[in-house]
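# An overview of the molecular structure
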Amino acid sequence: MAEPEYTVASDSETTGEEKSSSAFPEIAIGIDIGTSQCSVAVWNGSQVELLKNTRNQKVMRSYVTFKDDAPSGGVSNQHTHELEMLSGASIFNMKRLIGRVDTDPVVHASKSLPFLVQTLDIGVRPFIAALVNNVWRSTTPEEVLAIFLVELRAMAEIALKRPIRNVVLTIPVSFSRFQVTRIERACAMAGLHVLRLMPEPTAVALLYAQQQQQTIHENMGSGCEKIALIFNMGAGYSDVAVSATAGGVSQIKALAGSAIGGEDMLQNMMRHLLPDSEIIFSNHGINEIKSMGLLRVATQDAIHRLSFETSVQIDVDLGNGSKICKVVNQEEFQEVNREVFEKCESLIIQCLRDAKIEPDDVTDIIAVGGCSFIPKIKNLIMTICKRQELYKGINPMEAAVCGAALEGAVASGINDPFGSLDLLTIQVTPLAIGIQADGNNFVPIIPRNTTMPARKELAFTTVHDNQTEALIVVYEGEGKKVDENHLLGYFKLVGIPPAPKGVPDINVCMDIDASDVLRVLAGVVVPGSQQAAIPVMEVRMPTIDDGHGWCAEALHRTFGSKLNLVTVQKKI
Amino acid sequence: MRCYGLTPIHGSECRFFYPNATRSIPIPRPNSRFLSSSVNFFPSKLVIPSPRTPACSLRATINDVFVTEEAAGLSFYELLGIPESGSLVEIKQAYKKLARMYHPDVSPPGRVEEYTKRFIRVQEAYEILSDPRRRALYDRDLARGLHLAFSARTQYQSDEGMEDRNEWTNRWQSQLSELKRRSQNRDGGGDLSWGARMRTRRDELANEL
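Let us look at the structure shown here.

What counts as what
Residues numbered from 1 in each chain as written. Chains lettered and ligands numbered in written order. Predicted model: local features only at pLDDT ≥ 70, side-chain atom pairs only at ≥ 80, totals over all residues. Heavy atoms only, no water. Helix = DSSP H or I, 4+ residues; strand = E, 2+ residues; numbered from the N terminus. Rg over C-alpha atoms; globule rule 2.2 N^0.38 Å. Buried < 20%, exposed > 50% of the residue type's maximum accessible area, 1.4 Å probe, protein only. Contact = heavy atoms within 4.5 Å. Areas by Shrake-Rupley, 256 points an atom, 1.4 Å probe, with all protein chains shown as cover. Pairing = 2+ DSSP bridges. Axes fitted to C-alpha atoms, helices over the stretch in contact; angles between N-to-C directions. Expected span 1.5 Å × (residues − 1). Core = buried A, V, L, I, M, F, W, Y, C linked by side-chain atoms within 4.5 Å. Parallel < 35°, antiparallel > 145°, perpendicular 65-115°, else oblique. Nonpolar A, V, L, I, M, F, W, Y, C, P; charged D, E, K, R; others polar.

## Quick look at the overall build of chain A
Per the secondary structure count, chain A includes 14 helices and 28 strands. For 572 residues, the compact-globule estimate of 2.2 N^0.38 gives 25 Å, and chain A sits close to it at 25 Å. Across its three principal axes, chain A shows a C-alpha extent of roughly 80 × 60 × 50 Å. Counting the 572 residues in chain A, one finds 59% classified as buried. Pairs at least 24 residues apart make up 67% of the contacts formed inside chain A by residues separated by at least 6 positions. Here chain A displays about 22,300 Å² of accessible surface, and carbon together with sulfur accounts for 52% of that area.

Below is the structure:
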């Protein structure tokens, strides 16, 4: 995180008096910015309350429309018809695009959206633009998100009649630390301070922990441990968490996530209805954008109806002479999206395995997010967990934001006389963090699902005789090779005492502190000496900015294996 | 000086007591913040309790756990406050109880780093004891009289390269402590070891009185 969250705690020492006298202390609000929808909630002193905009909506579409004058977003603005959002002037799905380079498959999949997404496939920022008066106005996902957050902030300030600064945001499990910095930057642009970022299913887990705690209070029962499997699927991302809850403590056992969601199903269905849609729409002419919008709306509607009906009739005139008249049934929908469902299954299975939990041990299965209404999704979760029903005590569309609001109150140090805020979440790392070594291999130092805060280390050595420098390249992800992972940063270790290869001991330590700040430490010791050969380097990550894909390739091209490291061979 | 949750109580001899391996230490009493809302023993993140509250005896108990641990190097069982025969359920309960006390999220202002270190220890004890295979290895060493401190933890984390890694850990830690010593001058003691800080604190307290 950009700023340690505990600065808030130390702030209280200076502003303590003011706080205690204030009728309404600064409680951080919870924001759930979904790929397609967004909501804001706050602890109102006795419970979590969702905030409404001037049109009395609790859930708003996440998009920003660019116009001649000022851009306006989905909080203040409302389109009379869904189609208006698809005119090319509006940017949406920014959560899917943020922090991704133009080689990313998710960016490529966004090329068939009404606004412009162009790629050069060289590992830089994609070209994203909105159509304003027939001119493409370039923007960035951070900018769009910031504009949107400014509206959300204004809405919350009106609703709560106080300035808003501190927020707790939910993020997808699969977000890299680089993407997290982009979210933080967008918040900073909107004048918001990120008190905490919670992977979405862990926010749901916190809400569940609170509910269980209250049930115990009411029944005076024993605080036995409950295992929850949480599956969250929205338009852009799928996340899974397994949590063990007892006495208000929500211990996250494992997380799994991927950038697949309703958007993928929508695009698969559009391709199914109009096989060459991507080619037709790729030129982004006015008429093509219009046709694409019509098809998109009709397909979306069909998918929604398929959650409650076994088959639906799709009837759409694309305006360019072609019409689509088709009946789509459940089976067809499932077949078209088979890969999506398979991916969901594998995420859930992986998460249970990582948590070392048998399906029989799961107390409650919680499905949230827009896609949790899809019958196939419900079925596949219940089948894996060998269960007949899902947990009913949670609103699938409001769970994440409510959890974020609870965390906002807890992290702001609010006390509840009824013990409703006696909550604690023990988080784990969603992705492994490691360095490049043994050629192009990714060697994890902090494995995935390590409880945070954490400190882990690993020993490496040089690959060349008299190698005096080593490049420590830090990556995050699950791939075996570095190029499958996200680059977080790099630094050079210089002044290694000349020695034959394999002799110097290079120790790399990674530390994630209480405010989720990652530091990488590297030190060198030559055997026979008790002293460190050079001062230990300690670097805060991520260090890189945009264009990190480009940067990784340049590093590889320039340095090759010259500054490589290898893991120390394990002696028996 | 403000009295936070872990300030030693003057005249309490038990903070110097060295537990032996066979006897289990006093289990810290449940943190009532989480059990009943009427009494707030444990300070939540922003609420700083007034210096002299009736909760001092509880604080002394919590405090002693860590002072003695610092002095003698507790076994994982002692750290979690459970008998060596403790069941998995007991281990889990003890872990959650200690997490509620020592997770950095519940730390009083300015002591996050210290709480982080303690929580990492509790976490490690929990991870090893809740894994039957690693617990068996640990029990075997404990029975042989190898009373292992945390620096030896890597033994139970990976099967391979034990000696190697162990040696490394020690060396690494000496490097780190060297680094910390150096940075301490800059940070005005912010990076002192926990023990050192407690000693300083005791001295300060003694001077005050």
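## Considering the sheet that holds strand β28 (residues 565-567) of chain A
Residue and element names in this part refer to chain A. On the basis of which strands lie adjacent, the open sheet formed by 5 strands has the order β27-β26-β25-β22-β28 and antiparallel pairing. On the outer flanks of this sheet lie β27 (537-541) and β28, each paired with one strand and no other. The sheet shows a mean angle of 30 degrees between the axes of neighbouring strands, taken without regard to direction. When strand β26 (residues 518-525) meets β27, the two strands line up antiparallel, connected through 5 bridges. Across the sheet, residue L521 finds its bridge partner in β27, namely E538.

## Some remarks on helix α11 (residues 338-354) of chain A
Residues and elements named next belong to chain A. Between its first and last C-alpha atoms α11 spans 24 Å; for 17 residues at 1.5 Å apiece the expected length is 24 Å, and the two agree. For α11, the complete set of buried residues consists of V340, F341, C344, L347, I348, Q350, C351 and L352. The secondary structure elements touched by the buried residues of α11 are β13 (226-233), β14 (238-246), β15 (249-258), α7 (262-273), α10 (330-336) and α12 (375-384). Of the residues flanking the end of α11, it is K356, one or two places downstream, whose phi is positive at about 55 degrees.

## Comments concerning the side chain of S112 of chain A
Residue and element names in this part refer to chain A. Summarising the element assignment, S112 is placed in the loop between α3 (105-109) and β8 (116-118). Classification of S112 as buried rests on a relative accessible area of 14%. Among all residues touching S112, those that are not within four sequence positions of it are Q267, E278 and M292.

## What about the nonpolar core?
Residues and elements named next belong to chain A. The biggest cluster of nonpolar side chains holds 90 residues, and the ones touching the most others in it are I29, I31, L149 and L152. Counting residues per element, this core draws most heavily on helix α13 (residues 399-411), at 10 residues. Setting aside residues no more than four positions away along its own chain, I31 makes contact with S39, V40, L149, L152, V167, V168, L169, T170, L192, V401 and A404. In this structure, L229, I260, F281 and I324 belong to the second largest nonpolar core, which totals 51 residues.

## Structural notes on the packing of helix α5 (residues 112-129) of chain B against helix α6 (residues 132-143) of chain B
Residues and elements named next belong to chain B. In contact at an axis separation of 6 Å, α5 and α6 are set at 100 degrees when each is read in the N-to-C sense. With respect to each other, α5 and α6 are oriented roughly perpendicular. For the pair α5 and α6, the contacting residues are E127, I128 and L129 in the first and R134, R135 and Y138 in the second. Its residues assigned to classes, the contact of α5 with α6 comprises 3 nonpolar, no polar and 3 charged.

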